[in-house]
Amino acid sequence: MDTTALPRIPPDQVKVSRSPGYWATVGRRILADRVTLVCLVLLATIALAAVFADVLAPLDPLKTSMAKRLRPIGTPGFPLGTDELGRDILSRLLYGGRMSLLMGSWPVANALVIGGTLGIVAGFFGGRLNMVIMRTVDVFYAFPSVLLAVAISGALGSGMKNAIVALTIVFVPPLVRIAETVTTQVRNLDFVEAARASGAGSPTIIRVHLLPNVMGAIVVYASGLFSVSIILASGLSFLGLGVEPPQAEWGLMLNTLRQAIYVQPWVAILPGMMIFVTSICCNLASDGLRAAMEIKQ
Amino acid sequence: MSDPTPLLSVTGLNVAFQTPRGTAQAVNGIDFTLARGEVLCLLGESGSGKSVTLRALMRLLPEQRSRISGRVTIAGEDLYGLPERRVEDLRGKVVSMVFQEPMLALDPVYTIGAQIAETIVRHERVSKAEAGRRALELLEKVQIPSAKRRLEAYPHEMSGGMRQRAMIALALACNPAILLADEPTTALDATVQMQVLLLLRRLQAETGMAVIMVTHDIGVAAETADRVAVMYAGRIVEQGTAAQVLKTPQHPYATGLFASTVHAGLKDRRLDAIPGAPPDLTALPPGCAFAPRCARRREACDVGQPPKIRMADAREVLCVDAVAAG
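For clarity, every value in this text was computed on a predicted model and none was experimentally measured.

Novice: Whenever I open this one, the overall build of chain B confuses me. Can you help?
Specialist: Broken down by element type, chain B carries 12 helices and 12 strands. Since a compact globule built from 326 residues should have a radius of gyration of about 20 Å, the 21 Å found for chain B is in line with a globular shape. With respect to the principal axes defined by its C-alpha atoms, chain B has extents near 65 × 50 × 45 Å. Counting only residues that meet the buried cut, chain B has 53% of its 326 residues in that class. Put simply, 64% of the contacts in chain B that link residues at least 6 apart link residues at least 24 apart. About 14300 Å² of surface is accessible on chain B, with carbon and sulfur atoms providing 54% of the total. Positive and negative side-chain charges of chain B, numbering 38 and 35 respectively, have mean locations separated by a distance of 1 Å.

See the structure below:
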């Protein structure tokens, strides 16, 4: 090959498009994805509304009024009507959002840390450790998740803290499974051996090479559990095992308004709508985020 | 090369794997040495134990499932007598490895620059900035065009040849004394193969590192090796200088292997093939493993292991037919 005949371009005249940074690329992809964008905005709105409930709520969510029970949507002073005890629905939805989002996120976050760690350890080290962890986890699969949550919080006693503990225990096993499966797959890829060949020890390999490759799958799965957690938590509240009655919580509100479904169907449906919108946004947003954060595209 | 102690010496290395079908004898008592700056090619077909040997040299084989015996000495240290910590220090710094499939051997979630810098930081405890500078130098050394921009590229954004160059840069990050290359050109297309080989040879000459190259491509061996070791069923059946082994092979397997290679003079002729198939590693015959396929098989071949014979020209052949020196 004779390269001398080719005209040489001075290096400063070579136009090279710089590849944008990783997070810039992720941001651009999200902006281009309408569905994800809308869901993220909705979720942010719901979260902010819940955080600033005490500023935004027009009335005291606990103040009852026998005279103004079950008012329809649009009643002056009660924009979203009142419940069976005459409490303002809008205020209760705002305050209830706090509880529900808390009950949705805490158990999942706890389970993510516990289950993720156990799964990665089991998958990476394999052998007897894997056996012990995975068989223990299998025991929890013997019970349906609702039953398990009810049994645990029944044994621990009612209250929000215990409900969170119960839900955490319910969500750990599936997360261990997912983390273990993905870790086992990634562990056998050449780049893990290559990292070992360049002198990395097990802690470094787990932290640097395994976690980022495994996290995506676990987080996406966990975000799907968020809505399950809200629903299970409301189930517990219904049985008197979760959030206790005067408190506002979407699941609890849905359950108490159940009897009013023939009187004020639109009011009764509102807390359910909130659960539905929150969980569907969460699922769609997590799908979108996963796609946007995908490196191979 | 007057150094009396070789950089790497392997004596009586055995590797066996527990499989559901029984114990697979992947490597069966091989001996070789590697001097500073020497290029050794391990040649053989798939399943002859080449890659397992390489991994054994870095203690990369899974400890629970493999049984390893024999002695591997690297720069005077007994590899299998060292604690894991010390081995980690050796890996990447004294011995490093280039893998066959660069797409799989590079972590998809990090840029090339980050992966190279990571290794440098780990072994030399230098600052991130310094490591980044070194990474750039390395990419330039392996002739990656517009190296500066490629530092920030992810593996999937590069072509196969470029990825393999990046892999080589990663392996060279800490100036290893020994580079192990596991079929570094197999996953590349033919034109790129040659470029990568030439690059490896040039880097070897520049840095004076020793290289063990595993390949089943005789052309690659002829192109790069100082010495060649032909492997069959986990044994080195013939070992000598590249010229000796490739031009006048003595072992019947080596003869057959080279005869079954495609080259230009073969047009319109049937390729000579070795009859039969490689032996089952879980049930190796008591005698010579190649005997069942050998045209020169005699009674002596099946009695026991053929002796290792050192011939007059100093090459070693594992065959009853070989003529010993003096």
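Novice: Help me understand empty space enclosed by the protein in this model?
Specialist: Vacant regions in the atomic arrangement are exposed by a probe of water-molecule size rolled over the atoms. Residues and elements named next belong to chain B. Taken as a whole, this structure holds 6 cavities of 30 Å³ or more when the rule is applied. Reported here for the largest cavity is a volume of approximately 90 Å³. Pro252, Cys288, Cys294, Cys301 and Cys319 are, among the 14 residues lining the largest cavity, the residues nearest its centre. For the lining of the largest cavity, the class distribution of residues is 10 nonpolar, 1 polar and 3 charged.

Novice: How should a nonpolar patch on the surface be read in this particular structure?
Specialist: Residue and element names in this part refer to chain A. A cluster of nonpolar side chains, namely Val35, Ile73, Ile261, Tyr262, Val263, Trp266, Ile269, Met273, Phe276, Ile280 and Leu284, defines an oily patch on the protein surface of about 1100 Å² accessible area. In terms of residue count, the dominant contributor to the nonpolar patch is helix α11 (residues 265–293) (6 residues). For Ile261, the location among the structural elements is in the loop between α10 (250–257) and α11. We classify Ile261 as partly exposed; its relative accessible area is 35%.

Novice: Would you mind going over the nonpolar core with me for this structure?
Specialist: Among soluble globular proteins, nonpolar side chains are generally buried collectively. Formed by 107 residues in total, the largest nonpolar core has its most connected members in B:Leu8, B:Ile116, B:Ile212 and B:Val228. For this core, the element with the highest residue contribution is helix α7 (residues 160–171) of chain B, accounting for 7 residues. Formed by 41 residues, the second largest nonpolar core is a distinct cluster that contains A:Val108, A:Ala122, A:Ala166 and A:Ala195.

Novice: Is there a simple way to explain the sheet that holds strand β1 (residues 8–19) of chain B in this structure?
Specialist: Adjacent strands of a sheet pair through backbone hydrogen bonds, lying either parallel or antiparallel. All names here are of chain B. As summarised here, the arrangement of the 4 strands in space is β2-β1-β4-β5, forming an open sheet in which the pairing is antiparallel. The sheet is open, and its two edges are formed by β2 (22–34) and β5 (77–78), each paired on a single side. Where β1 lies against β2, 10 bridges are found, and the strand directions are antiparallel. Paired with Phe17 across the bridge in β2 is Ala24.

Novice: Which parts of the structure should I look at to understand the packing of aromatic side chains?
Specialist: Pairs of aromatic rings are described using the distance from one ring centre to the other and the angle between the two planes. All names here are of chain B. One pass over the structure, following the stated rule, counts 4 aromatic pairs over all chains. Each ring, one from Tyr232 and one from Tyr253, has its centre 4.4 Å from the other, and the planes form 45 degrees; the classification is tilted. Here Tyr232 is found in strand β9 (residues 227–232), whereas its partner Tyr253 is found in helix α11 (residues 252–259), with 21 residues between them in sequence. Residues Tyr232 and Tyr253 agree in their burial class; the two are buried. Summarising the aromatic geometry, the rings of Tyr253 and Phe290 are spaced 5.3 Å apart at their centres and angled 70 degrees between planes, so their arrangement reads as edge-to-face.

Novice: How do you make sense of unusual backbone geometry when you look at a structure like this?
Specialist: In terms of backbone geometry, most residues other than glycine have negative phi values and most peptide bonds are trans. Residues and elements named next belong to chain B. For Arg59, which is not glycine, the phi torsion reads 55 degrees and is therefore positive. The phi torsion at Glu183 lies on the positive side, around 45 degrees, for a residue other than glycine. With respect to the helices and strands, Glu183 occurs in the loop between β7 (178–182) and α8 (190–207).

Novice: Even after reading the chapter, I still don't get the interface of chain B and chain A, so can you show me in this structure?
Specialist: Contact with chain B, which involves 29 residues of that partner, is made by 26 residues of chain A. When chain B packs against chain A, close to 2400 Å² is buried across both sides, 55% of that on carbon and sulfur atoms. Counting the contacts that link chain B with chain A gives 1 salt bridge. Salt-bridge contacts for B:Arg55 lead to A:Glu193; the nearest nitrogen and oxygen are separated by 2.7 Å. Counting across the interface, chain B meets chain A through 9 residue pairs in polar contact (both at pLDDT 80 or more). A total of 4 residues in the side of chain B that touches chain A trace back to one element, the largest contributor, which is helix α4 (residues 112–124) of chain B. Split by residue class, the side of chain B that touches chain A holds 13 nonpolar, 6 polar and 10 charged.

Novice: Would you take a moment to explain the layout of surface pockets for this structure?
Specialist: The space that makes up the largest pocket amounts to roughly 990 Å³. Going through the elements one at a time, α1 (22–32), α2 (34–51), α7 (160–187), α9 (202–238) and α11 of chain A together with α3 (102–105) of chain B are the ones with two or more residues in the lining of the largest pocket. If one sorts the elements of the lining of the largest pocket by residue count, α9(A) sits on top with 8 residues. When the residues that make up the lining of the largest pocket are grouped by side-chain class, the tally is 24 nonpolar, 4 polar and 3 charged. As a volume, the second largest pocket reaches approximately 840 Å³. Taken together, 22 residues form the lining of the second largest pocket, with A:Arg196, B:Leu60, B:Leu61, B:Pro62 and B:Glu63 sitting closest to its centre. Of all the elements in the fold, those that place two or more residues in the lining of the second largest pocket are α4 (89–125) and α8 (190–197) of chain A together with α1 (50–56) and α2 (84–90) of chain B.

Here is what the cut-offs are and how they apply
- Counting restarts for each chain, with residues numbered from 1 along the sequence as it is written.
- Following the order in which they are written, the chains are lettered starting with A and the ligands numbered starting with 1.
- In view of the model being predicted, local features appear only for residues whose pLDDT reaches at least 70, and side-chain atom pairs are presented and counted only at 80 or more, with totals across whole chains, interfaces and linings using the full set of residues.
- With hydrogens and water stripped out, all remaining heavy atoms of the structure feed into the side-chain values.
- Numbering of helices and strands runs from the N terminus; a helix is a DSSP stretch of H or I covering at least four residues, while a strand is a stretch of E covering at least two.
- Put simply, the radius of gyration uses C-alpha atoms, and a globule should come to 2.2 Å times the residue count raised to 0.38.
- Relative accessibility thresholds used throughout: buried, under 20% of the residue-type maximum; exposed, over 50%; partly exposed, between the two (1.4 Å probe, protein chains only).
- In this description, contact between two residues means that some pair of their heavy atoms is separated by no more than 4.5 Å.
- Computed with a 1.4 Å probe, the accessible areas rest on the Shrake-Rupley method; for each residue, only the protein chains presented here act as cover.
- Neither His nor the chain ends contribute to the count of charged residues, in which Lys and Arg are positive and Asp and Glu negative.
- We put the charge of a Lys on NZ, of an Arg on CZ, of an Asp on CG and of a Glu on CD.
- Cavities and pockets are found on a 1 Å grid laid over the protein atoms alone: a cavity is a set of points where a 1.4 Å probe fits but cannot escape, a pocket is an open set with protein on both sides within 12 Å along at least five of seven lines, and a lining residue has an atom within 4 Å of such a point.
- Grid points are joined across faces, edges and corners, and a volume is the space filled by probe spheres set on the points.
- Amino acids are sorted into nonpolar (Ala, Val, Leu, Ile, Met, Phe, Trp, Tyr, Cys and Pro), charged (Asp, Glu, Lys and Arg) and polar (every other residue, Gly among them).
- A patch is a set of surface residues, each over 30% in relative accessible area and not in a salt bridge, joined within 9 Å for like charges and within 5 Å for the nonpolar side chains Val, Leu, Ile, Met, Phe, Trp and Tyr.
- Within this document, salt bridges are pairs made up of a side-chain nitrogen of Lys or Arg and a carboxyl oxygen of Asp or Glu, the two lying within 4 Å of each other.
- Buried Ala, Val, Leu, Ile, Met, Phe, Trp, Tyr and Cys residues form a nonpolar core when they are joined through side-chain atoms within 4.5 Å.
- We call two strands paired when DSSP finds no fewer than two bridges between them.
- Two rings from Phe, Tyr or Trp (for Trp, the six-membered ring) form a pair when their centres are within 6.5 Å of each other. A pair whose planes differ by under 30 degrees is stacked, one over 60 is edge-to-face, and the rest are tilted.
- The buried area of a pairing is the accessible area, by a 1.4 Å probe, that goes missing from both parts when the two are put together, added over both.
- Here a polar contact is taken to be a pair of N or O atoms separated by no more than 3.5 Å, where protein atoms must pair a possible hydrogen donor with a possible acceptor and residues adjacent in sequence count only if both atoms sit in side chains.

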